[in-house]
Structures are given as C-alpha cells and as structure tokens.
Amino acid sequence: MKTVLVVDDDASVRQQIAKWLGSAGWHVLEAADGTEGIQLAIELQPEAVICSLLMPGCNGFQICRAIRERAGVMEQPKIIVTTGSVYATDRRSAIEVGADEYLVKPFKADDLIRILDLGQGRRPVAAAAPRPPPKNYTSLPTDVPPRLKFWGVRGSIPTPGPSTVFYGGNTSCVEIRADGEIIILDAGSGIRPLGQALAKEFSDQPINLTLLITHTHWDHIQGFPFFIPAYSPHNKVRIFGYEGARKGLHSTLTSQMESPYFPVSMRHMPGNIAVTELREREFQIGNVKVTTAFVNHPGVCVGYRVFTSAGSIAYLPDNEPFQRLRSHSGGERASDYIEALKYASAQDQKIIEFIQDADVLIIDSQYDDVEYQSHVGWGHGCVDDVVALALFAKVQQLFLFHHDPDHDDAQISRMLDRARQLVALHGETLAVDAAREGLEHVLNPTAKA
Ligand SMILES: [Zn+2]
Ligand SMILES: [Zn+2]
C-alpha cells in the first residue's frame, strides 16, 4: 500500500483528503503543521506529500525545500502543493523550490487522485516556450536635433507630494534621443512614466533602446520592474553597466525582482532583455559614442558621457568631489595630509578632463555648502563645488541633479539661485538650471558647426 502524507493546518481539509485517498487505497498520514510534516516526511518517507502553501510557522515552500535538499539521503516523494492562491507567480515559485504539482483549492477528489496516479518521481520540467523573434525595429528619425528629457531627478528615494511637485519626486532617469537611438540613463522610478510614454508613442511598433546604469544603488534601478517596454516580446532592451561592488550587474538587477520583493522575476519579463557588463571605457551605441569614468561614490559607480552629432552630454548623478572629501578628513600627519590632498586633486582633475567642454553636464548637487559639512563622506556633491567644476571644465549648460529627498521645491530654487549667483560673480556665461521632471533640452547642432 502506498503512503501519502497530508500537511495542512486546516483539520477539515486533512480529513477530506484522508477520506478520498483512504477509499482509493492509500495509507494516509497527517500533520497539522509544516515542522511536523517535514519530520514525518524524513522519518517515514512516503511516496507522496500533499502540503498546503500558507501555514503559520513553516509554509509549503519550506517543506519543498527541506525535502528536496535531502535528495540522495531520502527517497524523494512526489510533492503536491495546495493553495487558495491563483497567482501564477506562486505556482512558479512552488515549482522552482521542488513541487511537482500545484492544486488550487477547492479541488476535487478526481483531480488529486489523477495526479497521484500519474506515477512517482518528479514531473519533467516543461521547456520554456521559445520567444518570438524580434520584429524589425522602426528607425527613429535621424534628422531631428538630439535632445534629452528628465523623467526622474531625485536622489535616494522617491518623494511624491505637494512640496516636490514642481521639480518632481521620481528618482534618477534621463532619456536621450540622438542619431536614431533611444538611450536611457538610469532606471530610477522615473523610468516608469518614461515606459508609459514610450508604449503610447510606439503603440504596436517594436522599440529598440539602450539603458545605461551608473551603479546599482536602489534609486538608479528601482523603476526597472515597472518599465512597460520590458514586458513586450517585440521590444529589445539592452542594459549596460559595470559590475557592482559585491555582485555582478545581472545578478543585482535580477535579485531586486526575486519573489520576496516582486511578483515577476526578470527571467519572466517577455522583452528581449540583454544585460552586458562593460569592460571598456568607450563604446558605441549606433553612431553615438559613449565614454565612462569612475566617480567618487560608495561601491562601483560611473559617469557617462554621450557624444551625439550635436554635442555631448555628461551624466554624473552621484559624485562627491575627491578633494572636498579629503580636505575634511582629520587625524593625519601634515605630510600625509598634503599627499592625500594631492592625490584627491589629481582624481578631481580626471573628472574635469572627463567633462571638459561638455555641452550639457548633469551632476550630483544634492547639498548646499552648509549641509555638505554634515554629510562629508556620504558620496554626494554640493552646489558650490559643482559650479566650480563646470566652470573649470568650460561646460555650456549645467543641470543640478539628484535632489535631496528632504529638499522641497523652494529649497531647490534657492540652490539654483545660489548657483547662478556664483556664475555671475565669476563673470561667466555658464547656463544653470535645476533638473525637473518633464524638462526637455535640445542640443543645438549649429553651436557645433
Ligand atoms: Zn543615487
Ligand atoms: Zn548611489
């Protein structure tokens, strides 16, 4: 006689299943909770285990894992997970942790017996359906001047509400349209409205785009799970970035979509998504050249410079000037301090060279000069430094970016005034704006002629 173990905290469910299977010739064991269920499964090694998914203490996922981890040590039963949940993601998760079958309550005796009688052993895992080949992508017009648009301008965390409505509360995301390419800088929460706009613009036409990730802090990747174009099998989404501090780019992007955090895994996003970890400091997106530089920010973080046919855009959303940081560090011998400052100055010089003569500079200006004093080492810049940097590098247009989540619209406007005053004090012509959601900037091709 074959043995089946029924694990369910609902006594009426256990009794019902025991009655059905008893009369079908099975020997039925019962457990009222998951821990007891795992013990019985290990000790008595039944041919089948029927376990409820949601039980306090120890759930069906844990039972599956505990049994499958003992493959080779104990006979492996067929495992059927039962649940009231109809969500496809729960079904997938159960199969992934080792369930053979998944039955939604209420089910009938026939369904259960049919599954049990389908023989022992694990059900072969069905191969994933092949993805349809991508359609031909519509060529974007190349005769329109390159431009950029801000979709998310905030640092750290989204800050919706009446006090941020002018500049916007979404985290980092900038769209560039240039020379037939759609290039997106970072996937903060601003990428969600961008995705909606792209879906509307392209309707049923396939979209081909490139997403450049500066680093994997949450405010630069958190919008990706909500990016509609990644859900169409006709679209092509190329993601570029550098390996993170502890894990690879691909693994960091996929782990934020694992089932404890999000219902759809990146593997199940139907768009043709390709993640590439960059090794070079210079690469091409069609006719657009892109260069990168490592910046001063915790972990691995880069800035991008995008060279369009009408000028270049430098994007450094998170950066704390090296020299500023080192000049605040104390407790060193004078000679060491001078050496450290020299080194920091050389590092800052590299950043200046990286952004030299950029038509547009979008850069971390999270703090004002006073706030910076209490945020040394946080990895962010301040307005005074950013203006100095832009003037040194002879930038044309500066956008203050990565606004502090604690700054309301009035505060950002004050910081913008301060930046413009500094430019005027130096008798320079640098144009300064504070980045705000929806703001577009068209590069001027004639200025490059
Ligand atoms: Zn950031
Ligand atoms: Zn960051």
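All values derive from a computational prediction rather than experimental measurement.

Colleague: Residues and numbers for the coordination of the zinc ion (ligand 1), please.
Modeller: With distances of 2.1 to 2.3 Å, the protein atoms coordinating the zinc ion (ligand 1) are Asp 219 (OD), His 220 (NE2), Asp 318 (OD) and His 402 (NE2). Around the zinc ion (ligand 1) sit four donor atoms, and with donor-metal-donor angles ranging over 87 to 163° the site reads as irregular. Spacing between the donor residues of the zinc ion (ligand 1) along the chain follows D-H-x97-D-x83-H. Here the zinc ion (ligand 2) and the zinc ion (ligand 1) are spaced 3.4 Å from one another, each receiving a donor from Asp 318. Of this pair, Asp 219 sits in the loop between β9 (208-212) and β10 (236-241) while His 402 sits in the loop between β17 (397-401) and α12 (409-425), and the two are 183 residues apart along the sequence. We note that Asp 219, like His 402, is buried.

Colleague: Hey, could you go over the pairing of strand β3 (residues 48-52) for me, with residue numbers and the actual values?
Modeller: Within β3, five of the five residues are buried, which leaves the element mostly enclosed by the surrounding structure. Here strand β1 (residues 3-7) runs beside β3; their pairing, made up of four bridges, is parallel. The residue bridging Val 4 from the neighbouring strand is Ala 48, located in β3. Where β3 meets strand β4 (residues 78-83), five bridges bridge the pair, whose relative direction is parallel. Looking at the pairing, Ile 50 lines up with Ile 80 of β4. Regarding the hand of the β-α-β motif, the stretch spanning β3, helix α3 (residues 60-68) and β4 is right-handed.

Colleague: Run through the pattern of salt bridges, naming residues and quoting values.
Modeller: Scanning the model with the defined rule gives 11 salt bridges in all. As a salt-bridge pair, Asp 111 and Arg 114 come within 3.7 Å of each other at their nearest N and O atoms. One end of the pair, Asp 111, and the other, Arg 114, are both in helix α5 (residues 109-116), three residues apart, so they sit about a helical turn from each other. With relative accessibility at 26%, the residue Asp 111 sits in the partly exposed group. It is possible to trace a salt-bridge network through shared partners that takes in Glu 175, Arg 177 and Glu 201.

Colleague: Describe in detail the coordination of the zinc ion (ligand 2), supporting the description with residues and values.
Modeller: The protein atoms donating to the zinc ion (ligand 2) are His 215 (NE2), His 217 (ND1), His 297 (NE2) and Asp 318 (OD), with metal-donor distances spanning 2.1 to 2.7 Å. Relative to the metal, the four donor atoms surrounding the zinc ion (ligand 2) lie at angles of 82 to 170°, and the coordination shape comes out irregular. We note that the donor set of the zinc ion (ligand 2) lies within a single chain, spaced as H-x1-H-x79-H-x20-D. Residue His 215 is classed as buried on the basis of its relative accessible area, which comes to 3%.

Colleague: I'd like a rundown of the sheet that holds strand β8 (residues 181-185), residues and numbers included.
Modeller: Sheet architecture is open: seven strands sit in the order β11-β10-β9-β8-β7-β6-β19, paired in mixed fashion. The sheet is open, and its two edges are formed by β11 (272-277) and β19 (440-442), each paired on a single side. Here the average twist between neighbouring strands, direction ignored, is 20°. One ladder, built from five bridges, connects strand β6 (residues 147-152) with strand β7 (residues 173-178); its direction is antiparallel. Among the inter-strand pairings, Leu 148 is bridged to a residue of β7, identified as Ile 176. Along the sheet, helix α6 (residues 191-202) contacts β6, β7, β8 and β9; its crossing angle with β7, the most-contacted strand, is approximately 35°.

Colleague: So, the packing of aromatic side chains: which residues are in play, and what are the values?
Modeller: Per the counting criterion, the structure on display carries nine aromatic pairs. Taken together, a centroid distance of 4.9 Å and an interplanar angle of 70° make the contact between Phe 150 and Phe 399 edge-to-face. Here Phe 399 lies in strand β17 and Phe 150 lies in strand β6, a separation of 249 residues in the sequence. By relative accessible area, Phe 150 is classed as buried at 0%. Under the relative-accessibility criterion, Phe 399 is labelled buried at 2%. Ring plane angle 35° and centroid distance 6.0 Å describe the contact between Phe 150 and Phe 401, whose orientation is recorded as tilted. Separated by 251 residues along the polypeptide, Phe 150 in strand β6 and Phe 401 in strand β17 bring together distant segments of the chain. Pair check on accessibility: Phe 150 and Phe 401 agree, each one buried. When the ring centre of Phe 307 is taken as reference, the NZ or CZ atom of Lys 289 above it lies at 4.7 Å.

Here is what the cut-offs are and how they apply
- Residues numbered from 1 in each chain as written.
- Chains lettered and ligands numbered in written order.
- Predicted model: local features only at pLDDT ≥ 70, side-chain atom pairs only at ≥ 80, totals over all residues.
- Heavy atoms only, no water.
- Donors = N, O, S within 2.8 Å, 3.2 Å for Na, K, Ca; no water.
- Tetrahedral: all angles 85-135°; square planar, octahedral: opposite > 155°, others 65-115°.
- Helix = DSSP H or I, 4+ residues; strand = E, 2+ residues; numbered from the N terminus.
- Buried < 20%, exposed > 50% of the residue type's maximum accessible area, 1.4 Å probe, protein only.
- Pairing = 2+ DSSP bridges.
- Right-handed = clockwise from strand over helix to strand, strands pointing away.
- Salt bridge = Lys/Arg side-chain N within 4 Å of Asp/Glu carboxyl O.
- Axes fitted to C-alpha atoms, helices over the stretch in contact; angles between N-to-C directions.
- Contact = heavy atoms within 4.5 Å.
- Phe/Tyr/Trp six-rings, centres within 6.5 Å; stacked < 30°, edge-to-face > 60°.
- Lys NZ or Arg CZ within 6 Å of the ring centre and 35° of its normal.

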